[in-house]
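Examination of the molecular architecture
Residues per chain, in single letters:
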There are 2 protein chains.
Amino acid sequence: VAERESQVVLGIDPDPGALWPGAAPAEGADRLTPAQAAASAVLEHCRRLIDAAGPACVAIKPQLARFELLGAPGREALGEVVEHARAQELLVIADGKRGDIDVTADAYARSLFGGVETPFGEVAGLGADMATVNPLMGRDAVAPFLRAARAGDGGVLLLVRTSNPGAADVEDLPLAEGGTVWERVARLVDELGAESVGPAGIADVGAVVGATVPGHMDRARELMPSAPFLLPGIGAQGGRVEELQAAFAPGRAGGLVSASRSIAGAHVAGGGSPEQAARAEAERLRSDAWELSER
Amino acid sequence: VAERESQVVLGIDPDPGALWPGAAPAEGADRLTPAQAAASAVLEHCRRLIDAAGPACVAIKPQLARFELLGAPGREALGEVVEHARAQELLVIADGKRGDIDVTADAYARSLFGGVETPFGEVAGLGADMATVNPLMGRDAVAPFLRAARAGDGGVLLLVRTSNPGAADVEDLPLAEGGTVWERVARLVDELGAESVGPAGIADVGAVVGATVPGHMDRARELMPSAPFLLPGIGAQGGRVEELQAAFAPGRAGGLVSASRSIAGAHVAGGGSPEQAARAEAERLRSDAWELSER
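Our subject in this report is the structure included herewith. Bear in mind the structure is a predicted one, so any value in this text is a computation, not a measurement.

Describing the sheet that holds strand β2 (residues 59-62) of chain B
Residues and elements named next belong to chain B. Ordered in space as β1-β2-β3-β6-β7-β8-β9-β10, the eight strands form a closed barrel in which the pairing is parallel. Each strand of the sheet is rotated relative to its neighbour by a mean of 30°, with strand direction disregarded. With three bridges connecting them, strand β1 (residues 8-12) and strand β10 (residues 255-259) associate as parallel partners. In the sheet register, Val-9 faces β10, and the bridge partner there is Ser-258. On the sheet, helix α6 (residues 181-193) packs against β7 (155-161) and β8 (205-209) and is oriented at approximately 165° with respect to β7.

Okay, here's the thing in structure tokens:
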């Protein structure tokens, strides 16, 4: 964050039906299956998006669902998107919201981070720096992700209080002990990350905290003083960057401001080329957040 | 269930380092990447496992993590495993425990069920009949999965009370209103499935209920009278089939008895060929559950 002077996370969330004009399959499209053609066009779109908006960002956050939808070619494209971002010194946050236990969680974690040794040779992982993790199944569902992330100096981001209306159904339920489910998960985040807090004051266990409910941000920071917050819900989902000040309390890297559609779709609302509009929107967000976190 | 006289779900959870003897990459292995070679051997293992144990089962439950670990070749192998199972009239429960919202959940759901129409042609989905879904993010995280499942006469299985120790961290938390988080999720399962209950008395919204805590089974059935229960934790995780009677209250299809390692690894404990041991263990489980559900 300090190096790039940016807290902006570029959400990579490509809809094959709404790619940038000109994003098309590479040559030989007539010999491709629909999934291969779509994946090829998606890759082209993502590369252009990263080239355009990346310089104003600190990380990309590929939405794994969009790539899974395209099957094996989608997984290939995802790998190349990650590679493209890393070549430009962007961090990678794999947004898959996985959550499982034991050997299963270990397989997910190795798949997202460093890969696995097999009798057939070493199978590389995606090489992400962080991954979003669903904590419903508890501590033992998080541990394998954290272990794999730490092996590469990365971290995890637990879903704490998401930005969707359904957050009321489970996350917001009041507990008998006081507080809510999400506040209890927040305590877990704080506990799991405690030993990792470095000189910058930031832990390697962070939280996804929806930016759409401003009242929550202060409370979240109180419960997780050192956790990096991934803040989705900026732009398309209605969150406002000005409401995020508490996120930056432990330092500038305390708040990672995530935006997808508001950047990739900036040209739709504001005109201009997709590249120029995306760059301008990412830069606007970067500068707003940077200034806000200075206070 | 009635047709096959089985409630057994064959968990497909292949560890590339512990495949059945003889499971090897198809010809041309020297030209394969490690991921391709591992995926090819995994596919061979899975086909043999399905051929051996499948006749005693009603469904397979591929653990998506194990296939994701092998990247794009893993996704290809997963597709072929599903196809192999379907050719033998086995149902397919995609065990990915996905949970996300909005367009993201929709992408996951289409990926697992029926696929998607794109400007590049129709991209097929995995063709699952059911999928496990993580309900932490609430109702709007479940809806897209249910919509996609219903389009193919399938259903979803929500994580309600899992069989791992970490279930105590969130799922078991007592709520201010009384009951626990998992009991509240159970009510959501019942609500979402209510309109779907057919002549067999079974809804298309089910629940993953760990068989390791017997006391929970009666309570789960009370809260979800029509939900099909997916019951993991049989065998390797220590659950016992005799403790499951409440699961079968709405009818024989009310309890789907899932086992992975206890079937695929039966030869390790009991000797014999992997095929014979797997078939015998699946048949033992089938007959125990069938008899139990008759009472």
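From this point, the narrative continues.
A few points about helix α10 (residues 274-292) of chain A
Residues and elements named next belong to chain A. For α10, spanning 19 residues, the distance from its first C-alpha to its last is 27 Å, which sits close to the expected 27 Å at 1.5 Å a residue. Those residues of α10 not exposed but buried are Pro-274, Ala-277, Ala-278, Glu-281, Ala-282, Leu-285, Arg-286, Ala-289, Trp-290 and Leu-292. Considering only its buried residues, α10 is in contact with β1 (8-12), α1 (34-53), β10 (255-259), α8 (261-264) and α9 (266-270).

Focus: the interface of chain A and chain B
With 67 residues of chain A in contact, the opposing surface of chain B contributes 67 residues. Around 5,500 Å² of area is buried between chain A and chain B when both sides are counted, 64% of it from carbon and sulfur atoms. Per-residue buried area on chain A facing chain B is highest for A:Leu69, A:Phe120 and A:Leu136; these three make up 14% of the total on that side. Taken together, the connections running from chain A to chain B amount to eight salt bridges. Of the charged contacts, one joins A:Asp102 and B:Arg261 as a salt bridge, the two residues approaching to 3.6 Å between their closest N and O atoms. Looking at the side of chain A that touches chain B residue by residue, the class counts come to 34 nonpolar, 15 polar and 18 charged.

Conventions and cut-offs
Residues numbered from 1 in each chain as written. Chains lettered and ligands numbered in written order. Predicted model: local features only at pLDDT ≥ 70, side-chain atom pairs only at ≥ 80, totals over all residues. Heavy atoms only, no water. Pairing = 2+ DSSP bridges. Helix = DSSP H or I, 4+ residues; strand = E, 2+ residues; numbered from the N terminus. Axes fitted to C-alpha atoms, helices over the stretch in contact; angles between N-to-C directions. Contact = heavy atoms within 4.5 Å. Expected span 1.5 Å × (residues − 1). Buried < 20%, exposed > 50% of the residue type's maximum accessible area, 1.4 Å probe, protein only. Buried area = accessible area lost by both parts, 1.4 Å probe. Salt bridge = Lys/Arg side-chain N within 4 Å of Asp/Glu carboxyl O. Nonpolar A, V, L, I, M, F, W, Y, C, P; charged D, E, K, R; others polar.

Honestly, it's all geometry; don't read function into it.
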